[in-house]
Amino acid sequence: TADEGYRLWLKYDRITDAARMDAYQRRIEAFRIWGSSPTLAVAETELKRGLEGLLGRAVSAGNSTGIDSNMVIVGTLADLPQRYTHQIPRYAFSHLGPEGYTIREVTVGGRSSIAIIANEDIGILYGVFHFLRLLQMHVELDGIDVSDAPKVQWRMLNHWDNLNGTVERGYAGLSIWDWETLPQTIQQRYVDYARANASVGINGVALNNVNASPEILREEYLSKVAALAAVFRPYGIRVFLSVNFASPKVLGGLDTADPSDERVRAWWQAKTEAIYRLIPDFGGFLVKANSEGQPGPQDYGRTHAEGANMLARALDAHGGTLIWRAFVYEAKGSDRVMDAYDEFARFDGQFLPNVFVQTKNGPLDFQPREPFAPLFGAMPNTPQMLEFQITQEYLGFSTHLVYLATLYKEVLESDTYVGGKGATVAKIIDGSQQGQRMTGVAGVANIGNVGNWTYHPFGQANWYAYGRLAWDHALTATEIAQEWIRMTLTTDEVAVNTITEMMVSSYEHLVNYQTPLGLNVLSSVGHHYGPQPWRRAGFHRADTAGIGFDRTGTGSNAVVQYSSVLQDSFGNVANCPDKFLLWFHRLPWDYEMASGRTLWEELCFRYHDGVAGVRQLQEAWKTVRHAVCPETFQRVNRLLAVQEDEAVWWRDACLWYFATVAQKDVPPQYEKPR
Ligand code: GCU
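Note that this is a predicted model, so its numbers are computed, not measured. (Residues numbered from 1 in each chain as written. Predicted model: local features only at pLDDT ≥ 70, side-chain atom pairs only at ≥ 80, totals over all residues.)

## Some remarks on the overall build of the protein chain
Move 1: Along the backbone of the protein chain there are 21 helices and 16 strands.
Move 2: Reported as C-alpha extents along the three principal axes, the dimensions of the protein chain are approximately 85 × 65 × 50 Å.
Move 3: Per-residue burial for the protein chain yields a buried fraction of 52% across its 674 residues.
Move 4: The contacts of the protein chain with a sequence gap of at least 6 include a subset with a gap of at least 24, amounting to 73%. (Helix = DSSP H or I, 4+ residues; strand = E, 2+ residues; numbered from the N terminus. Buried ≥ 20, exposed ≤ 12 C-beta atoms within 10 Å, placed from the backbone. Contact = placed C-beta atoms within 7 Å.)

Right under this line is the structure:
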């Protein structure tokens, strides 16, 4: 079809399973929404469109005199007539908060309907998307009783989009924001973007690159930003901007951006006021300061806390939030993974209450696999926003099929052991462990202006899965994959299972053919695509004696940033999980692994296994041909061929480089390099 992939997981194509269709058609004759607001209006449009698409016939909006049977009844607790809500205990609603909802069968005078009820209008919209998802997945509706609410307050997408249309680490075309034609031209794509985000519960978006151009704060741009904010508002999405710390100099003509200078404070205050005049529900600022050459408070001898608090004060007057990134590594130390912790942990409790410290999932930089960042747990009095990367900077760009929910879950479920067992990163982030009241997750977006949003059809799954996990980190990677497949690709049972298996195994394959056993940053310098281990000795430290980065007491001792339980496991070579072995330890090539192989043999095994994994993906994909749309089938098929080629490239480049350094041979049972 011409719009291959454009509709994402919101396709709403007519249900082809006859029994399902029959059951749904009998159950859903009409719908009715009580109340009125812009959010309820988009909920109504979505519901109508979804029902009509899925049921393949017109579905009328019932009127008030209509019979209460086989309806979908929608409204807030306040707006709905008592007859639908009086059977439901009130405490059921207190758990739902402002964004939660319940979907359940209600019976009035012996007649049964399905009700979607929430406390607030935005909960209604989320409930409508959930209901449509159930239909798309062919879930049985009789006796339905579902309640859901997000575990985390801010569920954000961060775009690294530049004002000239390019996207930093973006591999799906140019930016989706067409700054030139805004604010007059509102593309349908902006609306569909908002729908997709709302369907998974994303409620905040930072529009521009953290390497921020000061220009974004010019009036001309702010009116464009306001136009986008107006599109997103009914969908419960608030706009944030990345700002450049030197803006008062560049735009304001001041000779300093020192946060303790009165003129600088006044400039930010006035600018913030101007933004709120245009966008009353503006979310706030996202700041990358004193990191990779960006300006910041340290340029004036001030701390990160002083810089952040200055901006937070300006925002606080309007209810805004400041997100300050912890991604810094300019410190003097010899091991860059220690820098964020060293720089930020000491400021715990010193940030104003509306400040988030935004921390990447790992202490290095979005590598295929890293242990969780030790800052999680180390700042009990500071809200931390966990930052994931959805765009696959180090995971095959938009060319490789890599399902990232596996990575996200691994991080979220990592136990920090701070204050005892079970203190997972997820519990730190949702505030349940340490009691932070402001909570959030961010994902660096992988979308652009190509027709199908993400270039690789399976890139859509990463956007989807990120959103679902931001909403509910307890979901499993498998169930999210199944939802996405059923909504996006096929409802054929066998195909769903095959594709689920492909997705769930894909992450480990990539880790194996790129950076197994805790290796990291073996990629090309600069663009980060393809292997270049010969220029990455600072990360892998390979020589004739061995390989790996010693982060124990005999090396950088980065391991002390973790709790004592983890120091014993990560820091002790006998206890360290294989997946982090060379992250924490430097070992001789003949070191004997638990598998019985030597370290060198294990590396050879992993790299070959990664390639074998990609070949399994290719074989599996061929078996689902009949069940998915032909264009998508071909596109994925072609991309898998490239992935196979590049997995071999990674394997051969890395193994033959390490073989040279180690003066070893690749054992004869393995495939010869190409
Ligand atoms: C990585 C990435 C940069 C990005 C940076 C960041 O280093 O390569 O392009 O700017 O992360 O997160 O700020």
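Now that the structure has been shown, we can carry on.
## Remarks on the site of the ligand
Move 1: For the ligand, the full set of nearby residues is Glu168, Arg169, Val210, Asn211, Lys288, Glu292, Phe327, Asp365 and Glu393.
Move 2: For the shell around the ligand, the class distribution of residues is two nonpolar, one polar and six charged. (Near = placed C-beta within 6 Å. Nonpolar A, V, L, I, M, F, W, Y, C, P; charged D, E, K, R; others polar.)

## Observations concerning the pairing of strand 11 (residues 321–325)
Move 1: The buried fraction of strand 11 is high, at five of five residues.
Move 2: Every second residue of strand 11 is oriented toward a common face, with Thr321, Ile323 and Arg325 on one face and Leu322 and Trp324 on the other, all of them buried.
Move 3: Relative to strand 11, strand 10 (residues 284–287) is paired through four bridges, and the arrangement is parallel. Note that in strand 11 the partner of leucine 286 across the bridge is isoleucine 323.
Move 4: Note that the unit made of strand 10, helix 10 (residues 304–316) and strand 11 has a crossover that is right-handed. (Pairing = 2+ DSSP bridges. Right-handed = clockwise from strand over helix to strand, strands pointing away.)

## Considerations on helix 21 (residues 630–662)
Move 1: Its 33 residues give helix 21 an end-to-end C-alpha distance of 47 Å, which sits within 8% of 48 Å, the value for a rise of 1.5 Å per residue.
Move 2: Following helix 21 by one or two positions, glutamine 663 has its phi on the positive side, about 55°. (Expected span 1.5 Å × (residues − 1).)

## Some details on the nonpolar core
Move 1: By size, the foremost hydrophobic cluster in this structure holds 208 residues, and its most contacted members are Val74, Ile116, Leu125, Val128, Val239, Phe285 and Leu311.
Move 2: A total of 10 residues in this core trace back to one element, the largest contributor, which is helix 21.
Move 3: With residues up to four places along the chain from it excluded, the contact list for valine 239 reads Val205, Leu207, Val225, Leu228, Ala229, Phe232, Ile279, Phe282 and Gly283. (Core = buried A, V, L, I, M, F, W, Y, C linked by C-beta atoms within 7 Å.)

## Topic: the UniProt feature "active site" (unreviewed entry) in the protein chain
Move 1: With numbering aligned to this structure, UniProt lists the feature "active site" (unreviewed entry) at Glu292, Asp365 and Glu393.
Move 2: Within the secondary structure layout, aspartate 365 lies in the loop between strand 12 (355–360) and strand 13 (384–389).
Move 3: Position of glutamate 393 among the secondary structure elements: in the loop between strand 13 and helix 12 (405–412). (UniProt positions renumbered as here; feature names shortened; annotations may be inferred.)

## Regarding the packing of helix 20 (residues 599–622) against helix 21
Move 1: Where helix 20 meets helix 21, the axes come as close as 9 Å, and the angle between the chain directions of the two elements is 170°. By the angle class used here, helix 20 and helix 21 are roughly antiparallel. Along its contact with helix 20, which presents Trp600, Leu603, Cys604, Tyr607, His608, Gly610, Val611, Val614, Arg615, Leu617, Gln618 and Trp621, the element helix 21 presents Val636, Asn637, Leu640, Gln643, Glu644, Ala647, Val648, Arg651, Cys654, Leu655, Phe658 and Ala662.
Move 2: For the contact of helix 20 with helix 21, the residue count by class is 16 nonpolar, five polar and three charged. (Axes fitted to C-alpha atoms, helices over the stretch in contact; angles between N-to-C directions. Parallel < 35°, antiparallel > 145°, perpendicular 65-115°, else oblique.)

## Notes on helix 7 (residues 219–232)
Move 1: Given a rise of 1.5 Å per residue, 14 residues ought to cover 20 Å, and the 20 Å separating the end C-alpha atoms of helix 7 matches this to within 8%.
Move 2: Buried within helix 7 are the following residues: Leu222, Lys224, Val225, Leu228, Ala229 and Phe232. Angular distribution of buried residues about the axis of helix 7 spans 160°; they occupy a single face of the element. Every exposed residue of helix 7 that faces more than 90 degrees away from the buried side is listed here: Glu219 and Glu220.
Move 3: Taken together, the buried residues of helix 7 touch helix 6 (188–200), strand 9 (238–242) and helix 9 (262–278). (Arc of directions from axis to C-beta.)

## Structural notes on the UniProt feature "domain: Glycosyl hydrolase family 67 C-terminal" (unreviewed entry) in the protein chain
Move 1: Here the UniProt-annotated "domain: Glycosyl hydrolase family 67 C-terminal" (unreviewed entry) positions come out as residues 456–667.
Move 2: As annotated, residues 456–667 has a helix share of 56% and a strand share of 2%, and its two end C-alpha atoms lie 35 Å apart.

## Regarding the sheet that holds strand 7 (residues 154–158)
Move 1: What the eight strands build is a closed barrel, ordered 7-8-9-10-11-12-13-14; its pairing is parallel. For this sheet, the mean inter-axis angle between neighbouring strands, taken without regard to orientation, is 25°.
Move 2: Inspection of the sheet shows strand 9 paired to strand 10 by three bridges, in the parallel sense. By the bridge assignment for strand 10, phenylalanine 240 is matched with glycine 284.

## Side note on the sheet that holds strand 3 (residues 71–76)
Move 1: Taken in spatial order, the six strands make up an open sheet running 2-1-3-5-4-6, and their pairing is mixed. The outermost strands of the open sheet, each flanked by one partner alone, are strand 2 (60–61) and strand 6 (145–148).
Move 2: The pairing of strand 4 (residues 101–108) with strand 6 spans four bridges and is antiparallel. Opposite threonine 102, over in strand 6, you have serine 147 as the bridge partner.
Move 3: With respect to the sheet, helix 2 (residues 38–55) is in contact with strand 1 (30–33) and strand 3, its orientation differing from that of strand 1 by roughly 175°.

## Overview of the domain arrangement of the protein chain
Move 1: Along its sequence, the protein chain is organised into domain 1 (18–148), domain 2 (154–482) and domain 3 (508–549 + 586–662).
Move 2: Using C-alpha coordinates to define each centre, domain 1 is positioned 48 Å away from domain 3. (Domains from an automatic or database assignment.)

## Some thoughts on the packing of helix 12 against helix 15 (residues 477–488)
Move 1: Where helix 12 contacts helix 15, the axes come no closer than 9 Å and their chain directions differ by 150°. Compared by their axis directions, helix 12 and helix 15 come out roughly antiparallel. The interaxial crossing formed by helix 12 with helix 15 has right-handed handedness. Residues Ala405, Thr406 and Lys409 of helix 12 lie in contact with helix 15, whose contacting residues are Ala477, Ile480 and Ala481.
Move 2: Within the contact of helix 12 with helix 15, the residues separate by chemical class into four nonpolar, one polar and one charged. (Left-handed = near helix turned anticlockwise from the far one by under 90°.)

## Looking at unusual backbone geometry
Move 1: In this chain, leucine 182 is followed by proline 183 through a cis amide linkage whose omega measures 0°.
Move 2: As for its position among the elements, proline 183 is in the loop between strand 7 and helix 6.
Move 3: The residue asparagine 290 is not glycine, and still its phi comes out positive at about 45°.
Move 4: Along the chain, asparagine 290 turns up in the loop between strand 10 and helix 10.
Move 5: With 22 C-beta atoms packed within 10 Å, asparagine 290 lands in the buried category.
Move 6: Even without glycine at this site, asparagine 557 takes up a positive phi of about 65°.
Move 7: Assessed through the 15 C-beta atoms surrounding it within 10 Å, asparagine 557 is described here as partly exposed.

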